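Geometric and topological summary
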Amino acid sequence: MAEKSAQIRATLNAKLIESGEREQMKQLLRQRLIEYGWRDQMKAYCKESVKQKGLENLTVDELVQEITPKGRALVPDAIKKEMLAHLRQYLAKHEDL
Amino acid sequence: MIELSSATTSSSFPSMGLVSSPPRSVCSTTNSTSSPTVVVQTRLHKFPCQEIEKLKQKYRIQHTSCFTHLQNLINKHRIPKCRECGLDEQCRICLDCSLCLCRHHAQQHSRLCSHALAIDIKRLFVHCYICGDVQYDSVFERARRKIILLQQNSSNNSPSSSTIGGICGLLNLGNTCFMNSVLQAFVHAPVLRDCFLSEKQHHCEFQDTNHTITNCIMCQLRQLYHHVHEGQQRSNEPFVPSQLLYLIWTHENHLAGFEEQDAQELLMALFNIIHSQNSNDDVDDEKTCSCIIDRFFKGALQSEITCSQCGSVSTKNDLVRDISLQLPFASSNDECFPSSSYSLENCLWRFTHSETLSNFYCDKCQMSMSANIKLTISQAPIVACFHLKRFQYVKKSRSKMRKKISAHISFPDELDLTPYMTITNFNKDHNKYCLFAVISHFGSSVETGHYMCYVKLQLQNRWFRCDDHCVCEVSAEEVFKSECYLLFYQRMSVEPTS
């Protein structure tokens, strides 16, 4: 059962990339995250982290590791819903999957 | 939206003066007494990154060549894929050997080959494997911002239609978009078409015995014209204007080099070269010069000064090849216009609006008086070039960066110059002009910005955007919404010229 869903996921992903839809969705997602202020929030959080830890003690990679969980948690539900709806629309249009 | 994430960290870095500071190992504790926090002292361990300095020295990378260098690396790997494993996410390009590798293999590679630096192919930041972190360098940063700006502009491009005749792209030779834009506008001036396309074999009037195709600007322009109009046969390959560039460099030294320059300066330089190579022997009598510049681009401005005391009027006529307009809000004296209505007509109104001169020496009164000065166009050229003064030199910054006024200024498709002309007997219908080219500037300054030229194919009434080698059709809306810098109008219903 899990295998089948993994396979579907892979096929879907390939289809999305091929048709350029994945790139478009990424753009859309970027735009929405800016609109909802998520980016500004993350920027502020980065600044805070840097101030706390000190500039010389931090590499970019460490900073990314630090902020990633918070970033994921802060994504507004509305955006998640919208992206899901977008995917559903895409699936509906390309039923030959 | 340009990602200026690195800008937030750059403000806390020391000024450029420290770039040439002593080598990393010498981190004297003695001069920490003046620094406000301990952080400044320890940061010297990591910044500036010695590896970047070494690389810059090795390849003699400066501001100007860094952009070309990075652009070439990116163009090499249009479809990023790791050489070792084929992964296409988060690839990096080694700055020493230009291999494209994923993060894991890039790290491996840097250890094996002792190549310390790589740039991220998407975000273009520089990663140093010795420092173990992303590093900031002002030269690379400037190049990075410019590339990102260009990428965002060109992401709007649809693949250029290869079946359009009469238009073709110009290859960017290293920050030469300022020249490419001017050439495009020039080539699409309707009135010049006949001059350049009439004969295949050009009998050049260039008097000099040293004449060769390479040093004669008319021959060079003729070559460009023919390429543009025969482009269809060659599936619209972009023209490489290297000889033109060299010609301009040798004649106008101040424009030489691979730095981004001011397009208006280039326009004037181009006019100068054409005029000097094609003017007749009697230089004094400018009225008889038959070069294309004087025939089509030359106009005259009249300045009329009225003494406020005795009322005597002194008139002076100046020949001009373009009209440079101050923006209406540039000085604080201008409260005439609300901020939402900046237009070319406003600028022209301000230009021809009478002003008060406080220290004018009146010959009749024999002393300094206040006077009224009024500028009008006494002779309107066949091709009118308007230059909007968007760039201002900022004195306080150490670099020569020119600050730009980015406000949108609207401009019409058809322009009537009658209200701005000197009142004499003339046929009012002769002052209607039609727009054929717009050079717009994108970005916040000359050095980090980009020029593009919008041209109208007259016969088809369609607008095209010329972004170096990328030419594609665009809506008129995009043209009129852009940040115009140079506007080119041609007089409608041109009389046959002698």
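Cut-off values and rules
Residues numbered from 1 in each chain as written. Chains lettered and ligands numbered in written order. Predicted model: local features only at pLDDT ≥ 70, side-chain atom pairs only at ≥ 80, totals over all residues. Heavy atoms only, no water. UniProt positions renumbered as here; feature names shortened; annotations may be inferred. Pairing = 2+ DSSP bridges. Helix = DSSP H or I, 4+ residues; strand = E, 2+ residues; numbered from the N terminus. Salt bridge = Lys/Arg side-chain N within 4 Å of Asp/Glu carboxyl O. Buried < 20%, exposed > 50% of the residue type's maximum accessible area, 1.4 Å probe, protein only. Contact = heavy atoms within 4.5 Å. Axes fitted to C-alpha atoms, helices over the stretch in contact; angles between N-to-C directions.

As recorded by an unreviewed UniProt entry, chain B carries the name Ubiquitin carboxyl-terminal hydrolase and is attributed to Adineta steineri. UniProt, in its Catalytic activity (unreviewed entry) section for chain B, records the words "Thiol-dependent hydrolysis of ester, thioester, amide, peptide and isopeptide bonds formed by the C-terminal Gly of ubiquitin (a 76-residue protein attached to proteins as an intracellular targeting signal)." Annotation of chain B in UniProt includes, under Subcellular location (unreviewed entry), the sentence "Nucleus".

Looking up chain A in an unreviewed UniProt entry gives the name Transcription and mRNA export factor ENY2, with the organism given as Adineta steineri. Listed under Subcellular location (unreviewed entry) in UniProt, the entry text for chain A is "Nucleus, Nucleoplasm". UniProt, in its Subunit (unreviewed entry) section for chain A, records the words "Component of the nuclear pore complex (NPC)-associated TREX-2 complex (transcription and export complex 2). Component of the SAGA transcription coactivator-HAT complex. Within the SAGA complex, participates to a subcomplex of SAGA called the DUB module (deubiquitination module)."

1. A word on the sheet that holds strand S2 (residues 100-101) of chain B
What the 5 strands build is an open sheet, ordered S2-S1-S3-S4-S5 (chain B); its pairing is antiparallel. The two strands at the open ends of the sheet, each matched to only one other strand, are S2 and strand S5 (133-135) of chain B.

2. Observations concerning the pattern of salt bridges
Per the counting criterion, the structure on display carries 16 salt bridges over all chains. With a closest N to O distance of 3.8 Å, Glu53 of chain B and Lys56 of chain B form a salt bridge. You can see Glu53 of chain B and its partner Lys56 of chain B sitting in helix H3 (residues 50-59), 3 residues apart, about one turn around the helix. Lys56 of chain B sits in the buried class, given a relative accessible area of 11%. Among the salt bridges present, the one from Lys56 of chain B reaches Asp137 of chain B, with a minimum N-O distance of 2.8 Å. With Lys56 of chain B in helix H3 and Asp137 of chain B in the loop between S5 and helix H6 (138-154), the pair connects residues that are 81 residues apart, well separated along the chain. Overlapping salt bridges, with partners in common, bring together Arg32, Glu35 and Glu82 of chain A in one network.

3. Section: the environment of Met452 of chain B
The residue Met452 of chain B is located in strand S16 (residues 450-457) in this model. Distance from Met452 of chain B to Asn180 of chain B, taken between C-alpha atoms, is 8.1 Å for residues 272 residues apart in sequence.

4. Considering the side chain of Lys456 of chain B
Residue and element names in this part refer to chain B. Residue placement: Lys456 occurs in strand S16. Judged by its relative accessible area of 5%, Lys456 is buried. Those residues in contact with Lys456, other than ones at most four positions away along the chain, are Asp413, Cys434, Leu435, Phe436, Asn461, Arg462 and Trp463.

5. Notes on the sheet that holds strand S6 (residues 299-307) of chain B
Strands pair in a sheet through their backbones, by hydrogen bonds, and they do so in one of two ways: parallel or antiparallel. Residues and elements named next belong to chain B. Spatially, 4 strands are ordered S7-S6-S10-S9 in an open sheet, and the strand pairing comes out antiparallel. The strands lining the two open edges of the sheet, one partner per strand, are strand S7 (313-320) and strand S9 (355-362). Across this sheet, the average inter-strand angle for adjacent strands is 35°, counted without regard to direction. Relative to strand S10 (residues 367-379), S9 runs antiparallel, the two sharing 6 bridges. Bridging from a neighbouring strand, Thr356 pairs with Asn372 of S10.

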